[in-house]
Amino acid sequence: MDLKFSDPERIKSIASWLASDRGRDLFPTYFGSGVILVPAPGHAPRAKGGVPRSTTVELVRSMESEGLGRRKEWLRRLEKVPKSAWSRGSRLTEERHHATIALSTAPVLGIDPVDRITVVDDVITTGATLHACVRRMAEAFPSAGVAAFAVVRTISGVTQLSKAFDPVPEGQGHIILNADGSTQRTP
């Protein structure tokens with residue numbers, strides 16, 4: 001919960017761990033000097049002026065300061081959608097998320113080549129939001145490799161965990177878009 005409430009010490013410790021040898025071994029291409037880190041937008045548009053940053057933006061800022069990539073806030077939410085953390089049962093489809101997420105600014109193409117993009121979110125449940133964000137970035141940068149990274153993955157219906165720290169190495173986590181528009185995340 002301290003991550004969800006943007007605890008600066010927790011955010012810094014996560015970024016520091018990702019920058020450690022162990023973190024770099026687990027995620028060799030998701031992070032690095034040539035990677036653009038794009039925070040996934042929250043459930044509602046951000047108001048202009050004085051509004052506090054989201055946890056995900058603060059996480060990406062901290063990751064950037066650790067040398068894990070360059071931060072670009074290229075995605076924004078067009079309209080408010082139900083907050084995933086408060087969903088009970090029915091969740092938004094990937095298509096609905098995609099329809100409410102757009103590029104926040106037109107990236108300047110050609111001046112600074114973009115080869116690798118990692119969309120970062122704080123928590124993943126079904127993966128609908130991250131899938132929509134990755135799709136939006138892949139549309140904008142068709143020649144770039146686009147990946148998704150979430151700090152925490154939820155496990156529905158589980159009341160006891162065998163361990164609290166269980167990173168999924170790069171390439172071993174997947175989000176599947178089902179024919180009915182729902183998403184399924186593994187693990």
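Each remark here, short or long, concerns the structure printed above.
Here the structure is a predicted model, which is why all the values come from computation and not from measurement.

Draft legend 1. Representation of the overall build of the protein chain within the structure. Looking only at helices and strands, the protein chain has 5 helices and 8 strands in total. Helices (α) and strands (β) of the protein chain occur, in sequence order from the N terminus, as α-α-β-α-β-β-α-β-β-α-β-β-β. In the protein chain, which comprises 187 residues, the share counted as buried stands at 35%. Counting every atom, the protein chain has about 10500 Å² of accessible surface; 53% of that belongs to carbon and sulfur.

Draft legend 2. Structural context of the pairing of strand S5 (residues 116-124). Where burial is concerned, most of S5 is hidden: 7 out of the 9 residues are buried. Bridge count for strand S1 (residues 35-39) against S5 is 5 bridges, and the pairing is parallel. What sits directly across from Pro39, in S5, is Val120. Across 8 bridges, the pairing between S5 and strand S6 (residues 145-153) is parallel.

Draft legend 3. Representation of the sheet that holds S6 in the model. The parallel open sheet is built from 4 strands, whose spatial order is S2-S1-S5-S6. Each end of this open sheet is capped by a strand with a single partner; those strands are strand S2 (70-71) and S6.

Conventions and cut-offs
Residues numbered from 1 in each chain as written. Predicted model: local features only at pLDDT ≥ 70, side-chain atom pairs only at ≥ 80, totals over all residues. Heavy atoms only, no water. Helix = DSSP H or I, 4+ residues; strand = E, 2+ residues; numbered from the N terminus. Buried < 20%, exposed > 50% of the residue type's maximum accessible area, 1.4 Å probe, protein only. Areas by Shrake-Rupley, 256 points an atom, 1.4 Å probe, with all protein chains shown as cover. Pairing = 2+ DSSP bridges.

Everything listed is a geometric property; what it means functionally is a separate question.
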